[in-house]
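Okay, here's what each chain looks like letter by letter:
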Amino acid sequence: MNNLQRLQLETKGIQLEQDELTIYLQENELNPFDEYNPQSATNKKMIYQSALSVLESIANNPSLMKSVKIDDMSTSDFHENLMNRIDQLERKIRKLKTDEQVANNSSVFILFE
């Protein structure tokens with residue numbers, strides 16, 4: 001599995017062109033066609049950061065936030081769920097260590113960002 005496929009797995013259900021996903025990966029210093037290394041803490045963190053970038057871009061699209069109701073879910077529900085997922089990813093990313101921190105057995109906690 002390469003980095004692009006791993007990002008698609010993390011953002012399942014979100015339909016974006018491969019070129020767009022490639023840009024998100026490159027912005028987070030990942031080559032889309034390099035092999036994904038699940039043992040690498042840094043690689044995993046970068047994938048999550050790329051997924052976060054994708055979700056933030058969707059949240060910034062005002063055309064998706066117009067008032068529409070489909071079945072039992074309105075766009076306000078969609079937006080609320082999207083923002084909850086963004087918050088979850090941000091917390092997860094902050095908790096993840098990089099390969100360097102794992103190697104140094106570092107447990108630095110950043111209180112203020």
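Residues numbered from 1 in each chain as written. Predicted model: local features only at pLDDT ≥ 70, side-chain atom pairs only at ≥ 80, totals over all residues. Heavy atoms only, no water.

So, about helix H1 (residues 3-10). Regarding H1, the residues found buried are Asn3, Leu4, Arg6 and Leu7. For H1, the buried positions fall inside an angular range of 160° around the axis, keeping them on one side. Tucked into the core, H1 has its buried residues touching helix H2 (18-27) and helix H3 (41-59). The backbone nitrogen of Leu4 lies 3.1 Å from a side-chain oxygen of the residue at the head of H1, namely Asn2. (Buried < 20%, exposed > 50% of the residue type's maximum accessible area, 1.4 Å probe, protein only. Helix = DSSP H or I, 4+ residues; strand = E, 2+ residues; numbered from the N terminus. Arc of directions from axis to C-beta. Contact = heavy atoms within 4.5 Å. Polar contact = N/O pair within 3.5 Å; in protein donor to acceptor, adjacent residues only side chain to side chain.)

Next up on the list: the packing of H2 against H3. Where H2 contacts H3, the axes come no closer than 9 Å and their chain directions differ by 125°. Taken together, the axes of H2 and H3 are oblique relative to one another. For the pair H2 and H3, the crossing hand works out as right-handed. Contacts from Leu21, Tyr24 and Leu25 of H2 reach H3 at Ile47, Ser50, Ser53, Val54 and Ser57. When the residues that make up the contact of H2 with H3 are grouped by side-chain class, the tally is five nonpolar, three polar and no charged. (Axes fitted to C-alpha atoms, helices over the stretch in contact; angles between N-to-C directions. Parallel < 35°, antiparallel > 145°, perpendicular 65-115°, else oblique. Left-handed = near helix turned anticlockwise from the far one by under 90°. Nonpolar A, V, L, I, M, F, W, Y, C, P; charged D, E, K, R; others polar.)

With that settled, consider the pattern of salt bridges. Inspection of every chain in the model, using the stated rule, returns two salt bridges. Taking the shortest distance from any N to any O, the salt bridge between Arg6 and Glu10 comes out at 3.0 Å. In this pair, Arg6 and Glu10 both sit in helix H1, four residues apart, roughly one turn of the helix. By relative accessible area, which is 11% here, Arg6 ends up buried. Between Arg85 and Glu10 there is a salt bridge whose closest N-O contact spans 2.9 Å. Taken together, the positions of Arg85 in helix H4 (residues 75-95) and Glu10 in helix H1 put the pair 75 residues apart, joining distant regions of the chain. Take Arg85: its relative accessible area is 27%, and that puts it in the partly exposed class. (Salt bridge = Lys/Arg side-chain N within 4 Å of Asp/Glu carboxyl O.)

In terms of nonpolar packing, the biggest core is built from 20 residues, with Leu25, Leu82, Ile86 and Leu89 touching the most fellow members. Within the residue set of this core, elements represented by two or more residues are H1, H2, H3 and H4. A total of nine residues in this core trace back to one element, the largest contributor, which is H3. (Core = buried A, V, L, I, M, F, W, Y, C linked by side-chain atoms within 4.5 Å.)

Measuring from C-alpha to C-alpha, the distance between Glu10 and Leu52 comes to 9.7 Å, with 42 residues separating the pair along the chain. Leave out the neighbours within four places in its chain, and Glu10 touches Tyr48, Ala51 and Arg85. A polar side-chain atom of Glu10 sits 2.9 Å from a polar atom in the side chain of Arg85.

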